[in-house]
Structures are given as C-alpha cells and as structure tokens.
Amino acid sequence: MRLLSSTCGEIRRRGLGSAIFHLLVVLAVSLPCLSCPDRCVCSSQTVKCQKQDLDSIPHSIPSNTKILFVTGNNISSISADSFPSPLEQLTDLYLSGNEIQSVDSEVFDNLPNLVRLDLSNNNIQEFSERAFPHSNSLQVLNLSRSFHNYSQTNDVLNNLLSGNLAHLTVLDLSDNDLLVPPDNMPASLPSLLTLNLQNASIVSLRNGTLTLPLLRDLHLQDNRLKNLPSAILSDFSLAPELHIHLSGNPWRCDCFIEDMVAWLKNSTQVVDAQNLTCAYPGVLRRQALLHLQQTRLKCAGNMEGVLETSYVFLGLVLALIGVIFLLVLYLNRKGIKRWMYNIRDACRDHMEGYHYRYEINSDPRLANLSINSDV
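Remember, predicted model here, so these are calculated numbers, not experimental data.

Definitions and limits used
Residues numbered from 1 in each chain as written. Predicted model: local features only at pLDDT ≥ 70, side-chain atom pairs only at ≥ 80, totals over all residues. Heavy atoms only, no water. Buried < 20%, exposed > 50% of the residue type's maximum accessible area, 1.4 Å probe, protein only. Helix = DSSP H or I, 4+ residues; strand = E, 2+ residues; numbered from the N terminus. Arc of directions from axis to C-beta. Contact = heavy atoms within 4.5 Å. UniProt positions renumbered as here; feature names shortened; annotations may be inferred. Pairing = 2+ DSSP bridges. Axes fitted to C-alpha atoms, helices over the stretch in contact; angles between N-to-C directions. Expected span 1.5 Å × (residues − 1). Phe/Tyr/Trp six-rings, centres within 6.5 Å; stacked < 30°, edge-to-face > 60°. Lys NZ or Arg CZ within 6 Å of the ring centre and 35° of its normal.

**Describing helix H5 (residues 258-266)**
In an α-helix, one turn spans 3.6 residues, which is why side chains three or four residues apart end up on the same side. Listing the buried residues of H5 in full gives Met260, Val261, Trp263 and Leu264. One side of H5 holds all its buried residues, which, seen down the axis, span an arc of 160°. Looking at the buried side of H5, the elements it contacts are helix H4 (230-237), strand S13 (243-245) and strand S14 (251-252).

Shown next, in the form of structure tokens:
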C-alpha cells in the first residue's frame with residue numbers, strides 16, 4: 001500500500017510539473033503578442049496612448065486589441081508604416097488631437113474590421129483616396145475640427161469620398177471651414193444615415209449635393225445660411241423621413257424666403273422649426289419664421305419701392321439734362337440770335353425772289369418785256 005501511494009504521488013507531481021511547463025510555454029509564446037507599448041496603458045483589449053508626445057503610432061500594439069486610443073500627441077502624418085502588423089480584431093481607432101496633416105495610401109489596409117474612426121481635431125491637408133482598403137467595414141467617421149483652410153478642403157474631401165466608403169453610416173464634418181458641402185457625397189455615400197454639418201461655415205447649398213437615398217438626420221445648425229432655394233426644398237420634400245436641424249442660421253426675411261416659410265408651415269421635417277428666427281431686416285429681427293405673415297414680408301411693396309426709386313432716378317436724370325440744355329442755350333444766346341437773324345434774312349431774300357418771278361409769270365406784258373430784255 002505504501003508503495004502504491006508513493007507511486008501515485010510521483011505520478012501526480014509529474015503531471016503537475018508537465019501542466020506548469022505547458023502553461024509557461026503558452027505564456028512565453030503569447031507574451032510578445034500581448035505586451036503593452038511603452039508610454040501606453042493596456043486594459044483587457046483596450047490600449048490607450050494619450051498625451052505622451054508621441055511622433056508616431058507605436059508598432060508593438062497587441063494583436064488582440066479591439067479599441068486603440070492614440071490621442072493628444074504630435075503625429076504629423078500616418079501611412080502604411082503606422083500599422084505594419086495586422087490588427088484583425090481592431091474595431092475602434094481614435095486619433096484625435098494629433099495635428100495630423102496627411103493620411104497616406106494603404107494606411108488602414110491592416111485594419112480590415114475597423115468600424116469607427118476618429119480623426120477629429122487635426123489639421124488634415126492631404127487625404128489619399130487609397131487610404132481605405134477596397135473591402136472595409138468602416139461605418140462611423142469623425143472629421144470634426146480637422147479642415148481649417150477652405151481653399152484646400154474641397155479637394156481633400158473629394159479625395160476622401162472617392163475612397164471605398166460604401167458602408168459608412170455616420171459622417172461628422174462639424175466645426176470646419178467648408179462653405180459648401182462636397183459635390184460627390186450622393187455617389188460616394190450610398191449608406192449614409194447621419195450627416196453632421198453643424199458650424200461648418202456653410203453659406204449655400206447646391207442642388208443635388210444632399211440627395212442621399214438613406215439619409216435620416218441632417219445637421220445644418222449654426223451655419224451662415226440666409227435662405228433655402230426652392231430646388232433644395234424640393235429635394236428635402238422627396239425624403240419625408242429626413243430629420244433636418246436648421247437653428248442658429250441668420251435667416252434673411254425678405255421676399256425670397258416666402259417659399260421657405262410656406263414649406264416650414266406645411267412640413268414636419270425640421271426638428272427645430274420653432275427656433276428659426278429672422279436676422280434681417282431689423283424690423284423683423286428675432287421674429288419666428290413660423291409666425292411670419294406674407295404681408296409682413298412686403299415682397300410686392302419692395303418691388304414697387306424699387307420701381308418708384310427707378311422712376312425718381314430717371315426723372316432726376318432728365319431734369320438734369322434739361323437744365324444743362326437750357327444753360328447751354330443761355331450761354332450762347334448772342335450767337336443763336338445772330339444765327340436766327342441770318343436764317344431770317346436768307347429766307348426773306350429767297351421768298352422775294354419767288355414773289356418777283358410769280359409777278360412776272362402772271363403778267364403777260366412783263367413776261368414779253370422780260371423776254372425782249374433777255375434777247
């Protein structure tokens with residue numbers, strides 16, 4: 001019995017030692033994959049490298065990372081070298097506040113399952129149309145506070161939207177210098193549900209730029225819109241499920257806003273319609289658009305005023321011409337008088353000649369005398 005007991009104990013010790021050995025082997029193999037980069041904090045499948053004055057994205061990101069924060073650093077550009085190893089489990093990437101200026105081609109090729117990308121609060125001046133792989137899963141893209149030079153923004157956004165963003169559902173372009181929305185959004189973003197253009201310095205909307213087939217939420221608050229043309233209103237009316245935010249714009253309440261006011265009163269698409277107020281003219285300042293009456297817009301009165309002003313101006317011009325003409329006549333009165341006397345004398349001599357010939361022709365005796373004198 002003692003022999004059997006000692007034999008069983010030895011077998012148990014050997015089994016335990018073998019299990020520990022295998023565990024050490026597994027840990028030795030997996031540690032390189034799960035090691036945390038310097039100046040970063042790793043927790044579960046989340047890696048945070050925040051405000052560490054990094055000039056590039058760390059290369060030793062664990063392969064099982066799902067959420068990666070590299071924010072508040074000094075990374076001027078990102079390229080294919082930024083993610084040299086595949087991170088197939090990464091779904092959320094936050095790169096805000098890094099002063100990124102350029103996004104090169106193939107930068108996200110090793111992130112095939114990326115769903116959410118935050119590039120906000122940067123200074124993007126170049127964006128390659130090959131930045132995203134052909135088959136990507138990106139659904140949310142945040143580019144707020146990233147474009148500060150409107151002369152370059154249009155080209156940069158056109159390149160960005162020319163990429164493969166067929167699955168994108170949320171696009172945030174708020175707090176940028178856009179002036180007008182990009183032209184190629186309808187063709188490039190067929191799955192877009194939410195578009196945020198709040199505080200984007202937009203002064204006008206071009207026809208067709210916002211006709212996105214699945215768009216449900218459109219944020220246009222705090223821009224510089226003064227009126228919505230009839231063509232834009234027609235585009236909005238064709239998408240009854242679209243929810244629009246328009247507050248904070250300086251609406252000009254003149255005759256050109258009449259169609260928009262009528263549309264607001266008959267539509268339920270504008271979420272904040274109650275908050276839309278006039279900024280111009282001064283007499284209608286802070287007046288709610290929903291409470292505006294057509295008579296207060298004074299469209300016809302404005303046109304009559306323009307015509308009256310034109311007539312008054314024309315009358316003043318004609319009066320001035322008349323005064324100048326009279327002044328010229330007055331200054332040349334002596335010459336005009338002499339010229340009139342000369343014309344009168346010439347006409348008198350001419351008429352006397354006609355009268356003399358008439359008398360000769362009417363009296364036969366004078367006619368014969370005239371013939372004899374001629375002979």
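Now, onward.
**Digging into the UniProt feature "transmembrane region" (unreviewed entry) in the chain**
What UniProt calls "transmembrane region" (unreviewed entry) maps, in this numbering, to residues 311-331. With 100% helix and 0% strand, the stretch residues 311-331 has end C-alpha atoms that lie 30 Å from each other.

**Looking at the sheet that holds strand S1 (residues 41-43)**
Spatial ordering of the open sheet is given by S1-S2-S3-S5-S7-S9-S10-S11-S12-S13, a layout of 10 strands whose pairing is mixed. Looking at the sheet topology across the chains shown, the edges are occupied by S1 and S13. Averaged over all neighbouring strand pairs, the angle between strand axes comes to 5°, with direction disregarded. Relative to strand S7 (residues 116-118), strand S5 (residues 92-94) runs parallel, the two being bridged by 3 bridges. Paired with Tyr94 across the two strands is Asp118, which belongs to S7.

**Comments concerning the sheet that holds strand S4 (residues 77-78)**
Taking strand neighbours across the sheet as the criterion, the 3 strands line up as S4-S6-S8 in an open arrangement whose pairing is parallel. The outermost strands of the open sheet, each flanked by one partner alone, are S4 and strand S8 (126-127). With 2 bridges joining them, strand S6 (residues 102-103) and S8 adopt parallel strand pairing. Following the sheet pairing, Val103 is matched in S8 by Phe127.

**Here we look at helix H2 (residues 150-161)**
With 12 residues, H2 extends 17 Å between its outermost C-alpha atoms, agreeing within 8% with the 16 Å of an ideal straight helix rising 1.5 Å per residue. Listing the buried residues of H2 in full gives Thr153, Val156, Leu157, Leu160 and Leu161. Considered in projection along H2, the buried side chains sweep an arc of 125° and stay on one side of the axis. Within H2, the exposed residues directed more than 90 degrees away from the buried face are Ser151 and Asp155. Close packing links the buried residues of H2 with S8, strand S9 (140-142) and helix H3 (185-188).

**Regarding the packing of aromatic side chains**
Counted under the stated rule, the structure contains 4 aromatic pairs. Three or more aromatic residues link up through ring pairs in this structure, and these residues are Phe108, Phe127 and Phe132. It is Arg252 that lies over the ring of Tyr280; its NZ or CZ is 4.9 Å from the centre. Sitting above the plane of the Tyr330 ring, Arg333 keeps its charged end 4.4 Å from the centroid.

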